Amino acid sequence: MNVRVCFKKIILLFLCCITLYSKAAAQSQKATFFLQTDFDQLYLNDSIKISKCVIYLTNFKFYNHAELVFKDTNQAHLIDLLDPSPIQFNIPANQVYNRVEFNIGVDSSTSVAGILTGDLDPRKGMYWAWQSGYINFKLEGILNTKAQQPFQYHIGGYAGKLNAIQTISFEVNPNNKYTLSFNFLPMLQYCLAQKQFELMSPQLKAVQLAKLLSENTTCIKVQNLSNE
Amino acid sequence: MNKGVVFFILLSVFSVAFIAPLESEFIKPANFPKPKYNFQKNPFDSNKINIGRALFYDPILSKDTTISCASCHSNYTAFAHVDHALSHGIADRIGFRNAPGLMNLAWHENFMWDGAINNLEMQALAPLTNHLEMDENLNHVLEKINRSIFYKNLFKQAYGDEVISSDRFLKSITQFLLQIVSASAKYDSVKNGNATFTSQENKGYHIFKKNCATCHAEPLFTNLKFEQNNLPVDPNLKDMGRMRITQNAQDSIRFKVPTLRNIAFTFPYMHDGRFSKLQDVLHHYENIELVTSNHTRIKIKLNKAEKVDLTAFLLTLTDQKFLFNPALAFPKELLLLNRRKNE
């Protein structure tokens, strides 16, 4: 299979989007902030079909400059990026913030904490039973070429040099709504160029792929809510 | 206060005490350090321990309902798989490593020969899902258990309702695993001042302290670390030990140091069960130089008489009370009688 030819046929981006939606309820004592997911399936031609794209987003924190003003009580959000639901936060009205920070993946203290519930329940299919630890994200699909080459990337690892967790932060304004866009294409291109079709254990290459995803994650202002 | 009222209150208190399930506390053996397991997260309850015990002995956990945890971890042999170098799972599939004895798990922070499992609560998932062992998956096992009236009743008794979640399932198994404590060997009686070593055992103890105790540290008889003991890599298994997990070259062919407690019962020995007899193990160590994980160089030289004395000491680590503890054995009444009645 000629991967390069395949690439040429791929229209550039595979983006998975989550809309970060925040709105201050000015009249109330408690302002409510919403994180709204809005999967924006960017155009892929028929060369690649994505069958699974799930990701852990964890430890959301809101800062006013260096000061932590709000921490998400929900440890982890497991997002199906092929069918995402919004994430919402309730932040007190008087809290001013200008930056949001979160992780792609599950941190080491959570990874060693034993059995957990909710989105961290091992029944969710994002836990490695043979080597304890969460899968930070999964990307699976098929190259729709003559060979019908499937690919599976389960990226995780929490310890030492194999720690694949990625912390990202973006400047945000409480009056705006944002879309977090996860662009998997650079990671996918990197793997396919090396004919790496499977990667399903903690390893240095997994850390590299996690970085590629993190570097290609953006936070886009969608709409100014103050005019609404 | 009216005597009748007092009598009634006392009667009520006693009745509740007898009706309420017995709460089991984890009692730390006097000569042991503080355990590592977080008991606050999973407080002991006799009903939950019962569930864990039933599940441990129940082949319902395997794909074809033929293999239970106890198939490879028999209580009469310190929960090891005696006479099997490598354990076999369903359909006679031969595993990758020797099934080690299970005991004193509350003091461990990681499990398996390579430390792949980072919390006791998650340990059961490894054999449960391994293709060579039970070849199941958590969702399907929970579906099976949720269909069982027997287990529904047990979970209702323990947790107040019939919900059998992964959290309750794994915590219950963990509660039983935490009961597997061996601390009543002759060695412990000596340490607690209730017995004395024979002169041969005493000689053996000194030989042990000089040559073995760095890795097999008292009182658990393991330093809980990953060490290498100059065993050549089996060309078929190609097992690189801890390096498989950390991918650090310095962890190459390092394996978790097994406890020596009940060693007379846990043969065959080593991660791949290559030595069937204790004398084979001592033969391996009779003239050897080792470098430990903290870079200590150890030279061991044992003559024939020393090996005999050392063996005498090692036999003081046999814990009959533990080996034949009915509370850890197959729960005949629970799994056979009650279950049959229920299903």
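What counts, and where the lines are drawn
- Residues numbered from 1 in each chain as written.
- Chains lettered and ligands numbered in written order.
- Predicted model: local features only at pLDDT ≥ 70, side-chain atom pairs only at ≥ 80, totals over all residues.
- Heavy atoms only, no water.
- Phe/Tyr/Trp six-rings, centres within 6.5 Å; stacked < 30°, edge-to-face > 60°.
- Buried < 20%, exposed > 50% of the residue type's maximum accessible area, 1.4 Å probe, protein only.
- Helix = DSSP H or I, 4+ residues; strand = E, 2+ residues; numbered from the N terminus.
- Polar contact = N/O pair within 3.5 Å; in protein donor to acceptor, adjacent residues only side chain to side chain.
- Pairing = 2+ DSSP bridges.
- Salt bridge = Lys/Arg side-chain N within 4 Å of Asp/Glu carboxyl O.

A. Summary view of the packing of aromatic side chains. Residue and element names in this part refer to chain A. Counted by the stated rule, this structure contains 36 aromatic pairs over all chains. Measuring from ring centre to ring centre gives 6.4 Å for W128 and W130, while their planes differ by 65 degrees; the resulting arrangement is edge-to-face. Here W128 falls in the buried class, since its relative accessible area comes to 6%. With a relative accessible area of 33%, W130 lands in the partly exposed category. For the ring pair F151 and Y153, a centre distance of 5.7 Å and an interplane angle of 25 degrees mean the geometry is stacked. Neither F151 nor Y153 differs from the other in exposure class; each is buried.

B. Just helix α13 (residues 304–314) of chain B, in detail. For α13 of chain B, the set of buried residues is K307, D309, L310, A312, F313 and L314 of chain B. The residue sitting at the N-terminus of α13 of chain B and contributing the capping side-chain oxygen is N303 of chain B; that oxygen lies 3.1 Å from the backbone nitrogen of A305 of chain B.

C. View of the pairing of strand β4 (residues 297–301) of chain B. Residues and elements named next belong to chain B. Taking every second residue as pointing to the same face, the buried face of β4 carries I298 and I300, while none of R297, K299 and K301 on the other face is buried. As paired elements, strand β3 (residues 287–291) and β4 share 5 bridges and run antiparallel to each other. Bridge assignment links V291 to a residue of β4, and that residue is R297.

D. Highlighting unusual backbone geometry. All names here are of chain B. For the bond running from E218 to P219, omega is -5 degrees, close enough to zero to count as cis. Here the amide bond leading from F267 into P268 is cis, since omega sits at -5 degrees, within 30 degrees of zero. Tracing the backbone through its elements, the reader meets P268 in the loop between β2 (255–256) and α12 (278–285). In this structure, A78 is a non-glycine residue whose phi angle is positive, near 55 degrees.

E. Region of the structure containing the pattern of salt bridges. Residue and element names in this part refer to chain B. Considering all chains together, one arrives at 17 salt bridges over all chains under this definition. D161 serves as the salt-bridge partner of R168, at 2.6 Å between the closest nitrogen and oxygen. The closest approach of N and O atoms between K191 and E218, which form a salt bridge, is 3.8 Å. One end of the pair, K191, is in helix α9 (residues 186–191); the other, E218, is in the loop between α10 (199–211) and β1 (226–227), with 27 residues separating them in the sequence. A residue is classified by how much of its surface remains accessible, and E218, at 27% relative accessible area, is partly exposed.

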